[in-house]
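Understanding the architecture of this molecule
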Amino acid sequence: MYTQAMDLDRSATPADATFTSEEQAFNARIARDEKIEPNDWMPESYRSTLIRQISQHAHSEVVGMLPEGGWITRAPSLKRKEILLAKVQDEGGHGLYLYAAAETLGVCRAELIDALHSGRAKYSSIFNYPTLTWADIGMIGWLVDGAAIMNQVPLCRCSYGPYARAMIRICKEESFHQRQGFDIVHTLVRGTPEQRRMAQESLERWWWPTLMMFGPHDKDSTHTAQATAWGIKRITNDDLRQKFVDVTVPQAEYLGLEIPDPELRWNPERGHYDFGPIPWDEFWRVVKGDGPCNKERMAARIQAFEEGRWVREAAAAHAAKARARAAAASVASEEAAA
Amino acid sequence: MSASGQDWPLWEVFIRSRQGLDHKHVGSLHAADAAQAIALARDVYTRRQEGVSIWVVPSAAITASDPGQKAENFDPMASKIYRHPTFYDIPDEIGHM
């Protein structure tokens, strides 16, 4: 998902069989479904796993503004422009909620941003695909945000309090994102033949990358067991992916769009849709930096950060000067009174 | 963040959702000064009319109770159920009290 690269981390250490009394107390709290708060004792590996996961999630929200941001000036009407502007602003806000949650674990924002810009930190592979037509903006809302919601709703019950609370706020706003995307696609399929074709071609581009968002198959996921034990992950990659397919196929049928998978069919025995093999080669390529837009996205992030530097410095200098003036004024008034 | 890579100071944000209700903690953000913290809190936490008033407090100014002392601090109250009105039986004949 937005943190799919967590599943690729081979350095995760297996839980030690011999627990200290602190670890035992911590595990008991997790078992009782208690929330862990910033000042509570926690194992270092729990802390570092959460920092990586929450910051990856934050980076995904922020980089996720880029594929959509380019369409703000090209939205087909003032209404659509206002809606897209609000959605992109939401994504920036989601990034902030999540960075703030990560910072409660004792890491500073500058370190997190530096990890992203230097390529040490990952973000979701989905944002390395281009938005070629207006239909792609609809498809991102309907499919990508729809997939994100599948993953994020269980995270509202995550064991780490600040992360869970951030996710509750995000999920409320994410529902608007999915609906506005569906509304764009719904409008296109009721339009001209060209507009219907635009929607169909867009679905063909986004379907498989969206399924990849859920991360590798459970059998290939190194992170699932420990994350599940810690109450950070509640539902496995494959279960979430299946749930997404089951919900989305009838929506595509309603829209009269054809999902680009010849093996997709309802399996009455399983009570689920069967679907074809996911092109994992493409997934690995994109994750490892060779997707259609990886370089462009990072260049845009770094450019925005660097070009905003003087504003941040000016604000800090202004605040320092105001503090110095206030201090001098209070000394002067004390001297006058003496 | 300034040139040295240091973050702006951290602020805790409290929002009053409606007239007559308490301000409630909603999250935190970095800002250079108090006025900027208010401006950013407005953009981040009230995009859907979530509030009618904002407080910001430097995070460094908050002193928190020690989670390790949770039991000592709060458990003694568990046995003091007589502090709640429901502890007392009032005869039906008395009606609402």
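Criteria and cut-off values
Residues numbered from 1 in each chain as written. Chains lettered and ligands numbered in written order. Predicted model: local features only at pLDDT ≥ 70, side-chain atom pairs only at ≥ 80, totals over all residues. Heavy atoms only, no water. Helix = DSSP H or I, 4+ residues; strand = E, 2+ residues; numbered from the N terminus. Buried < 20%, exposed > 50% of the residue type's maximum accessible area, 1.4 Å probe, protein only. Contact = heavy atoms within 4.5 Å. Areas by Shrake-Rupley, 256 points an atom, 1.4 Å probe, with all protein chains shown as cover. Lys, Arg positive; Asp, Glu negative; His and termini not counted. Charge placed at Lys NZ, Arg CZ, Asp CG, Glu CD. 1 Å grid on protein atoms, 1.4 Å probe; cavity = no way out; pocket = protein on both sides within 12 Å on 5 of 7 lines; lining within 4 Å. Points joined across faces, edges and corners; volume = space filled by probe spheres on them. Nonpolar A, V, L, I, M, F, W, Y, C, P; charged D, E, K, R; others polar. Pairing = 2+ DSSP bridges. Axes fitted to C-alpha atoms, helices over the stretch in contact; angles between N-to-C directions. Phe/Tyr/Trp six-rings, centres within 6.5 Å; stacked < 30°, edge-to-face > 60°. Lys NZ or Arg CZ within 6 Å of the ring centre and 35° of its normal. Salt bridge = Lys/Arg side-chain N within 4 Å of Asp/Glu carboxyl O.

This part takes up the overall build of chain A. Assigned secondary structure in chain A consists of 13 helices and 2 strands. Considering only C-alpha atoms, chain A reaches an extent of 85 × 60 × 35 Å along its principal axes. The buried share of chain A, reckoned over its 338 residues, is 52%. The contacts of chain A with a sequence gap of at least 6 include a subset with a gap of at least 24, amounting to 79%. Here chain A displays about 15700 Å² of accessible surface, and carbon together with sulfur accounts for 57% of that area. Where the 40 positive side-chain charges of chain A centre and where its 46 negative ones centre are 3 Å apart.

Residues and elements named next belong to chain A. For the structure on display, the rule yields 2 cavities of 30 Å³ or more. Approximately 40 Å³ is the volume found for the second largest cavity. Around the second largest cavity, the lining residues are Tyr2, Ser60, Glu61, Gly64, Glu68, Lys87, Glu91, Phe127, Ile140 and Asp145. At the level of secondary structure, the elements contributing two or more residues to the lining of the second largest cavity comprise helix H2 (44–63), helix H4 (78–103) and helix H6 (134–155). Classifying every residue of the lining of the second largest cavity by side-chain character gives 3 nonpolar, 2 polar and 5 charged.

A separate point is the sheet that holds strand E1 (residues 10–16) of chain B. All names here are of chain B. Taken in spatial order, the 3 strands line up as E2-E1-E3 in an open sheet, and their pairing is antiparallel. Each edge of the open sheet carries a strand with a single partner, namely strand E2 (23–30) and strand E3 (53–58). Neighbour-to-neighbour, the strand axes of the sheet open up by a mean angle of 30 degrees, direction not taken into account. Alignment of E1 against E2, held across 7 bridges, turns out to be antiparallel. Residue Ile15 lies in a different strand from E2, and its bridge partner there is Lys24.

This part takes up the packing of aromatic side chains. Per the counting criterion, the structure on display carries 14 aromatic pairs over all chains. An angle of 25 degrees between the planes, with centres 5.7 Å apart, marks the rings of Tyr97(A) and Tyr45(B) as stacked. With Tyr97(A) in helix H4 and Tyr45(B) in helix H1 (residues 34–45), this pair bridges two chains. Here the aromatic rings of Phe87(B) and Tyr88(B) are separated by 4.9 Å at their centres, their planes lie at 85 degrees, and the arrangement is edge-to-face. Residue classification places Tyr88(B) among the partly exposed positions, given a relative accessible area of 45%. An aromatic cluster of three or more residues is present, and its members are Phe26(A), Trp41(A), Tyr46(A) and Trp230(A). Over the face of the ring belonging to Tyr97(A) we find Arg169(A), whose NZ or CZ atom lies 5.1 Å from the ring centre. Here the basic side chain of Arg312(A) rests over the ring of Phe305(A), its NZ or CZ set 4.0 Å away from the ring centre.

It is worth spelling out the pattern of salt bridges at this point. Residues and elements named next belong to chain A. Scanning the entire structure with this criterion turns up 23 salt bridges over all chains. Its salt-bridge partner being Lys87, residue Glu68 comes within 2.6 Å of it at the nearest N-O pair. Linking Glu68 in helix H3 (residues 65–69) with Lys87 in helix H4, this pair joins segments that are 19 residues apart in sequence. The same class applies to Glu68 as to Lys87, namely buried. In this structure, Asp183 and Arg80 form a salt bridge, with 3.0 Å as the shortest nitrogen-oxygen distance. Of this pair, Asp183 sits in helix H7 (residues 161–189) while Arg80 sits in helix H4, and the two are 103 residues apart along the sequence. Taking the relative accessible area as the measure of exposure, Arg80 reaches 10% and is therefore buried. Taken together, the shared-partner salt bridges connect Arg29, Arg32, Glu34 and Asp40 into one network.

Remember that the coordinates give geometry; whether it matters functionally is a separate question.
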